[in-house]
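Breakdown of the fold
Residue strings, one per chain:
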Amino acid sequence: MTTPDFSQTKACVFDAYGTIFDLVSATDRLSAELGEDLAPKLGELWRTKQLQYSWLRSLTGHYTSFSDVTRDALDYSFEQLGIKNPALKEKLIEGYRALDAYPDVKPILAKLKQAGLKTAILSNGSPDMLASGVRGAGLTDLLDAVLSVEDAGVFKPDYRVYQLACDRFNVSPAAICFLSSNGWDAAGAASFGFKVAWINRNKLPIERLPGKPDAIIRSMDGLPALLGLESI
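Now for a description of the structure that goes with this document.

Conventions adopted
- Residues numbered from 1 in each chain as written.
- Predicted model: local features only at pLDDT ≥ 70, side-chain atom pairs only at ≥ 80, totals over all residues.
- Heavy atoms only, no water.
- Helix = DSSP H or I, 4+ residues; strand = E, 2+ residues; numbered from the N terminus.
- Buried < 20%, exposed > 50% of the residue type's maximum accessible area, 1.4 Å probe, protein only.
- Areas by Shrake-Rupley, 256 points an atom, 1.4 Å probe, with all protein chains shown as cover.
- Axes fitted to C-alpha atoms, helices over the stretch in contact; angles between N-to-C directions.
- Left-handed = near helix turned anticlockwise from the far one by under 90°.
- Contact = heavy atoms within 4.5 Å.
- Nonpolar A, V, L, I, M, F, W, Y, C, P; charged D, E, K, R; others polar.
- Salt bridge = Lys/Arg side-chain N within 4 Å of Asp/Glu carboxyl O.
- Core = buried A, V, L, I, M, F, W, Y, C linked by side-chain atoms within 4.5 Å.
- Pairing = 2+ DSSP bridges.

For the protein, the count of helices and strands is 10 helices and six strands. Along the three orthogonal principal directions, the C-alpha set of the protein runs to about 55 × 40 × 35 Å. The buried share among the 232 residues of the protein stands at 51%. Element-wise, carbon and sulfur atoms account for 51% of the exposed surface of the protein, whose accessible area totals about 11,000 Å².

Here's what the structure looks like:
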């Protein structure tokens, strides 16, 4: 296997949900109210429907904010699982706006900034959700930009979303190292032309899609070696 070449990297651009922010934290905090058996079921179904709705809305041309998609997905999940607790639903929605960042995030972002690289989030999330999450995780000073699909009016993996990062930093796709824990997102970004590192946190098989990641790492701790920053 050839060694991936990230030498042209000018900016590191990160997906948000599941990459920067730990989605499980939203349901884990309320596991006592949900029940230990129900919490993971709800979390998995909620995320599945959230992604499905974003893709289907893109395909059918019915874009709405990710905040709306997230609420619609939770409404569906509550009904399917037979949960009748409006107050708990609101707690979960608020929790999604203040998700925990993975512990490897802040140290790696700090190292990238120290090395002089630009950093950004590029996410399906709506601007208000992202701003709240970034602020709550203490990442504001470590990011040069927080980019939302709202500026493109369509969800990932539409190429117009990935173009937002090129436009923001005025660079070619090959100058951007894109990182996502979502295999479908990594595939979409690779097809667009980004240099992609898939953060495979859950040891999943590679997606059977046209775009392939240039590198696969288990956590963000693997990023400095790809960029030649081990000594920083």
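Attention now goes to helix H7 (residues 127–136). Turning to H7, its buried residues are Met129, Leu130, Ser132, Gly133 and Val134. Backbone geometry just after H7 places Gly138 at a positive phi near 70°.

It is worth spelling out the packing of helix H4 (residues 66–81) against helix H5 (residues 86–96) at this point. Two elements in contact, H4 and H5, have axes separated by 11 Å at closest approach and are oriented at 145°. Considering the relative orientation of H4 and H5, their crossing is right-handed. Residue-level inspection shows Thr70, Arg71, Leu74, Asp75 and Phe78 of H4 in contact with H5, the latter providing Leu88, Lys89, Glu90, Leu92, Ile93 and Tyr96. Of the residues assigned to the contact of H4 with H5, the class counts are six nonpolar, one polar and four charged.

Counted according to the given criterion, the structure contains 12 salt bridges. Ionic pairing is found between Arg29 and Asp100, a salt bridge with its closest N-O pair at 2.7 Å. Separated by 71 residues along the polypeptide, Arg29 in the loop between helix H1 (24–28) and helix H2 (31–34) and Asp100 in the loop between H5 and helix H6 (105–114) bring together distant segments of the chain. For Asp185, the salt bridge identified is with Lys156, shortest N-O distance 3.0 Å. Of the two residues, Asp185 is situated in helix H9 (residues 183–192) and Lys156 in the loop between strand S3 (145–148) and helix H8 (159–169); the sequence distance between them amounts to 29 residues. Comparing Asp185 with Lys156, the two get one shared label, buried.

Here we come to the nonpolar core. Counting residues in each nonpolar core, the largest one holds 74 residues, and the members touching the most others are Tyr17, Leu112, Phe194 and Leu223. Apart from residues lying up to four places away in sequence, Phe194 is in contact with Tyr162, Ala165, Cys166, Pro173, Ile176, Phe178, Ala189 and Asp214.

Moving on, we come to the sheet that holds strand S5 (residues 195–199). Taken together, six strands build an open sheet; the order of strands is S3-S2-S1-S4-S5-S6 and the sheet is parallel. At either margin of the open sheet sits one strand with a lone partner, and together these are S3 and strand S6 (215–217). Neighbouring strand axes in the sheet, compared pairwise and without regard to direction, differ in orientation by 25° on average. Where strand S1 (residues 11–14) and strand S2 (residues 118–123) come together, four bridges link them in parallel fashion. Bridge assignment links Ala11 to a residue of S2, and that residue is Lys118. On the sheet, H8 packs against S1, S2, S3 and strand S4 (176–180) and is oriented at approximately 155° with respect to S2.

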